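Listed here are the chains, written in short residue letters.
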Amino acid sequence: MAGSIDANLLRQNAHSPSFFALNRADGGHGTELVDFCIPCNPYFPTPEMFGRLRDNLETILKYYPSDADTITAELCATLGLNPQTVAMGNGSTELITWIDHLLVRESLCTPIPTFGRWTDQPLETGKRVDMFPLPESRDFALDLDAFVGFLRERRSRVAVICNPNNPDGGYVPRRDVLRMLDALVDLDLVVVDESFIDFVDAEPHTSVADEAAIRPNVVVLKSLGKNFGLHGIRFGYLVANPALAGRIRKALPKWNLNSFAEIVVFLLKEHRAEYQASLSRLALDRRSMARQLASLPGLRVFASQGNFILIKLPDDKDGVRLRDYLLSEHGVFVRECGNKLGSTSRFLRLVVRPPQDVHRLLTGLGSFLYGTEKAHLINTVMPPEAGAYEQPPRLHATPVEDVYRTRAG
């Protein structure tokens, strides 16, 4: 395994290389990479769903998909949404691009560190981005009152928050987000990026998408690729009042969604229970992984409600060196956060993965932090026996469609 992938590939651009690029760089050595970099859901889609995709592969590749309105209508029927309040995009990044082009005029205010497209996209189109630093001393928690005060001082016209935030996984309770929306009703736009909110189990009602559908200046963004562990399909959606959603929908290409996206959307209705079970199972893994990481001396672990965990290395350890070491010596791919605004290379975002993969990560971390002679201490942490998760507990968070039904009733 050692040395089979050239770590220089990780330095060629600001974003992490794709999994495809790493596999090509392997040069046929057969290294089995474990991906702790790309946020995913390892338990969904189910093997049955992948089987149906394989069975339909020729049809999926040969024929045009339905237009975006047809696919959106099916998604809305499954989630209990009004199609007039929804626009689907070729990944959430396409929607961020059109939000910037159509709805952001001069300035945008967002906390940092956060998802890079919320700073990079408006900067690329000549907008001013007012960056509100999240203090490490408060575990990167977002103080909404301080954020609103900063925004008023800077006179920003658009506010964006990610909830949970990326890369730290910090979650702002729904009641506080609604309080912020009330305080910012005079802005041109307020965006709540809920790309990871399905993984939250801190409270029963989490999303504010139901409020976005009836408020004058609010957009809620969702990423199906992140929720379902299907980044390669590139599909997401936003919820807003009919006028805002319609403006975005009108700008999007008519066939901006591919046939894979259509097939998966039409499969969702019959696999809702499996999806909820996958979220429960991942929440168990998140708690277990956080405990094991916190047991490593000198490592700081931040509480997360996402499907990833942010860690900080000791003062004398560098994240770039650790990233390269884990890739070349252990076949483990991690996200070093030195190129994120508001962060440094001592921070790494680690995706939540099953226990057997975490064991491999811990072994590599132990060797890097304490030396190979002490790595045996990490090896005492073994993955649970097979079948430990056969009966995952019920997820406590309420899906957004149930909130809609509550309001409708």
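Worth saying up front: this structure is predicted, and the values here are computed from it rather than measured. (Residues numbered from 1 in each chain as written. Predicted model: local features only at pLDDT ≥ 70, side-chain atom pairs only at ≥ 80, totals over all residues. Heavy atoms only, no water.)

Each helix and strand in the protein chain was counted, giving 16 helices and 13 strands. Expressed as a percentage of the 409 residues in the protein chain, the buried residues total 57%. Within the protein chain, counting contacts between residues at least 6 apart in sequence, those at least 24 apart form 75% of the total. By element, 52% of the accessible surface of the protein chain is carried by carbon and sulfur atoms, the whole surface being about 17,600 Å². (Helix = DSSP H or I, 4+ residues; strand = E, 2+ residues; numbered from the N terminus. Buried < 20%, exposed > 50% of the residue type's maximum accessible area, 1.4 Å probe, protein only. Contact = heavy atoms within 4.5 Å. Areas by Shrake-Rupley, 256 points an atom, 1.4 Å probe, with all protein chains shown as cover.)

Attention now goes to the packing of aromatic side chains. By the definition in use, this model includes eleven aromatic pairs. Their ring planes at 55 degrees and their centres at 5.3 Å tell us that Phe 140 and Phe 302 sit as a pair that is tilted. With Phe 140 in the loop between β4 (128-133) and α7 (144-154) and Phe 302 in the loop between β9 (300-301) and β10 (308-312), this residue pair connects regions lying 162 residues apart in the sequence. Both residues of the pair, Phe 140 and Phe 302, belong to the buried class. One aromatic cluster is present, formed by Phe 44, Phe 228, Phe 235 and Tyr 275 through successive ring pairs. (Phe/Tyr/Trp six-rings, centres within 6.5 Å; stacked < 30°, edge-to-face > 60°.)

Turning our eyes to something else, we now look at the pattern of salt bridges. Under the criterion given, the structure shown has 26 salt bridges. The shortest N-O distance in the salt bridge between Asp 188 and Arg 105 comes to 2.8 Å. With Asp 188 in the loop between α8 (174-183) and β6 (189-193) and Arg 105 in the loop between α5 (92-103) and β3 (107-112), the pair connects residues that are 83 residues apart, well separated along the chain. Residues joined by salt bridges that share partners form a network here, namely Glu 136, Asp 139, Arg 300 and Lys 312. (Salt bridge = Lys/Arg side-chain N within 4 Å of Asp/Glu carboxyl O.)

Here we come to the pairing of strand β5 (residues 158-162). Burial within β5 is extensive, with five of its five residues counted as buried. Alternating residues of β5 divide into Val 158, Val 160 and Cys 162 and Ala 159 and Ile 161, and every residue in both groups is buried. Where β5 meets β6, five bridges bridge the pair, whose relative direction is parallel. By the bridge assignment for β6, Val 158 is matched with Leu 189. A crossover links β5 with its parallel partner β6, the connecting element being α8, and its sense is right-handed. (Pairing = 2+ DSSP bridges. Right-handed = clockwise from strand over helix to strand, strands pointing away.)

Its volume calculated, the second largest pocket comes out at about 230 Å³. Taken together, 19 residues form the lining of the second largest pocket, with Ala 141, Leu 142, Gly 170, Tyr 171 and Val 172 sitting closest to its centre. The set of elements that each furnish at least two residues to the lining of the second largest pocket consists of α7 and α8. (1 Å grid on protein atoms, 1.4 Å probe; cavity = no way out; pocket = protein on both sides within 12 Å on 5 of 7 lines; lining within 4 Å. Points joined across faces, edges and corners; volume = space filled by probe spheres on them.)

Taken N-terminus to C-terminus, the directions of α5 and helix α6 (residues 117-124) make an angle of 45 degrees; their axes are 10 Å apart at the nearest point. Relative to α6, α5 is oriented oblique. Here α5 and α6 pass one another in a crossing that is right-handed. Together, Thr 93, Ile 96, Thr 97, Ile 99, Asp 100 and His 101 of α5 and Arg 117, Trp 118, Gln 121 and Pro 122 of α6 make up the contact between the two elements. (Axes fitted to C-alpha atoms, helices over the stretch in contact; angles between N-to-C directions. Parallel < 35°, antiparallel > 145°, perpendicular 65-115°, else oblique. Left-handed = near helix turned anticlockwise from the far one by under 90°.)

Right, let's get into the nonpolar core. Ranked by size, the top nonpolar core spans 83 residues in total, and within it Met 88, Phe 235, Leu 293 and Leu 361 carry the most contacts. By residue number, the principal contributor to this core is helix α15 (residues 355-370), which donates six residues. Membership of the second largest hydrophobic core comes to 22 residues, among which are Ile 99, Trp 118, Val 129 and Val 219. (Core = buried A, V, L, I, M, F, W, Y, C linked by side-chain atoms within 4.5 Å.)

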